[in-house]
Amino acid sequence: DQQVKQNSPSLSVQEGRISILNCDYTNSMFDYFLWYKKYPAEGPTFLISISSIKDKNEDGRFTVFLNKSAKHLSLHIVPSQPGDSAVYFCAASVLIQGAQKLVFGQGTRLTINP
Amino acid sequence: NAGVTQTPKFQVLKTGQSMTLQCAQDMNHNSMYWYRQDPGMGLRLIYYSASEGTTDKGEVPNGYNVSRLNKREFSLRLESAAPSQTSVYFCASRRNGQGMNTGELFFGEGSRLTVL
């Protein structure tokens, strides 16, 4: 079963507008949530994270919101830039037997149109 | 400052052949991971190693074996490749310590494997 879900395979946004990427999870034991960005032919790179005890974390143009009651998080990018075009993966972290494991969503392909 | 290095970057195998994907990190990280990426499936954990000398199964371990050769190196072996193992494989290591920042994984560039 998919513990972390990104239900939108793709999203297209005009340059300068806000991009909102969504992610849902089922396991209440997740303690941290992260967003990764991936360009073609490259490995994913870390973007931003949030602890399960917070509801918002901001880093420049990127803000992640966490709604624990709804088991939902979202990544806001504002303003969106052409270089933001990439695949974005949501991930959730859980500590199991002393080891930190990340569970990833399916990814959302974001395209920023000029 | 190489980070995580994977080899080979591309490989084509015939069904039943074996091969090993190599991974090395130079960041002195304790934990290392192997993921596979398939369309519509995201990144799925195959095996991980929380520290030198230990390995554990992830979500999709069948058909794979791993070796944590030392702190730097973590290899993934396919003993008898199958077409279902056609995928892009990513090795990653995790920042040491506890807390939020330790969720950050550093990924290699990936190894694209095709099994015919």
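Residues numbered from 1 in each chain as written. Chains lettered and ligands numbered in written order. Predicted model: local features only at pLDDT ≥ 70, side-chain atom pairs only at ≥ 80, totals over all residues. Heavy atoms only, no water.

(A) Main features of the interface of chain A and chain B. Of the residues lining the interface, 22 residues belong to chain A; the matching set on chain B comes to 22 residues. Roughly 1,900 Å² is buried in total at the junction of chain A and chain B, and carbon and sulfur atoms are behind 61% of that figure. Remark: the boundary between chain A and chain B carries two residue pairs in polar contact (both at pLDDT 80 or more). Elements with a contribution of two residues or more to the side of chain A that touches chain B: strand 4 (32-38), strand 5 (45-51), strand 9 (86-96) and strand 10 (99-104) of chain A. Residue composition of the side of chain A that touches chain B, grouped by class: twelve nonpolar, seven polar and three charged. (Contact = heavy atoms within 4.5 Å. Buried area = accessible area lost by both parts, 1.4 Å probe. Polar contact = N/O pair within 3.5 Å; in protein donor to acceptor, adjacent residues only side chain to side chain. Helix = DSSP H or I, 4+ residues; strand = E, 2+ residues; numbered from the N terminus. Nonpolar A, V, L, I, M, F, W, Y, C, P; charged D, E, K, R; others polar.)

(B) Summary view of the pattern of salt bridges. Counted according to the given criterion, the structure contains seven salt bridges over all chains. A salt bridge links Lys9 of chain B to Glu109 of chain B, with the nearest nitrogen and oxygen atoms 3.6 Å apart. With Lys9 of chain B in the loop between strand 1 (4-7) and strand 2 (10-13) and Glu109 of chain B in the loop between strand 10 (105-107) and strand 11 (111-115), the pair connects residues that are 100 residues apart, well separated along the chain. The partly exposed category is assigned to Glu109 of chain B, whose relative accessible area is 48%. When the shortest N-O distance is used, the salt bridge between Asp38 of chain B and Arg44 of chain B registers 2.9 Å. Judged by relative accessible area, which is 10%, Asp38 of chain B ranks as buried. What makes Arg44 of chain B buried here is its relative accessible area of 19%. Here the residues in one salt-bridge network are Lys37, Arg61 and Asp84 of chain A, joined through shared partners. (Salt bridge = Lys/Arg side-chain N within 4 Å of Asp/Glu carboxyl O. Buried < 20%, exposed > 50% of the residue type's maximum accessible area, 1.4 Å probe, protein only.)

(C) Spatial organisation of the state of the cysteines. The tally for this structure, following the rule as stated, stands at two disulfides over all chains. Two residues, Cys23 of chain A and Cys90 of chain A, share a disulfide whose sulfurs are 2.0 Å apart. Given an S-S torsion of about -70°, the disulfide between Cys23 of chain A and Cys90 of chain A has left-handed geometry. Of this pair, Cys23 of chain A sits in strand 3 (residues 19-25) while Cys90 of chain A sits in strand 9, and the two are 67 residues apart along the sequence. Of the two residues, Cys23 of chain A and Cys90 of chain A, both sit in the buried class. The side chain of Cys23 of chain B participates in a disulfide bridge whose partner is Cys91 of chain B; the two sulfur atoms lie 1.8 Å from each other. (Disulfide = S-S within 2.5 Å.)

(D) A look at unusual backbone geometry. Each neighbour pair has its own omega, and for Val78 of chain A with Pro79 of chain A the value is -10°, a cis peptide bond. Structurally, Pro79 of chain A is set in the loop between strand 8 (72-77) and strand 9. That bond from Thr7 of chain B to Pro8 of chain B is cis: its omega, -5°, falls within 30 degrees of zero. The topology assignment puts Pro8 of chain B in the loop between strand 1 and strand 2. Positive phi is not limited to glycine here, since Lys71 of chain A has a value of about 50°. Of note, Lys71 of chain A is situated in the loop between strand 7 (62-67) and strand 8. Exposure remark for Lys71 of chain A: the relative accessible area of 28% places this residue in the partly exposed category.

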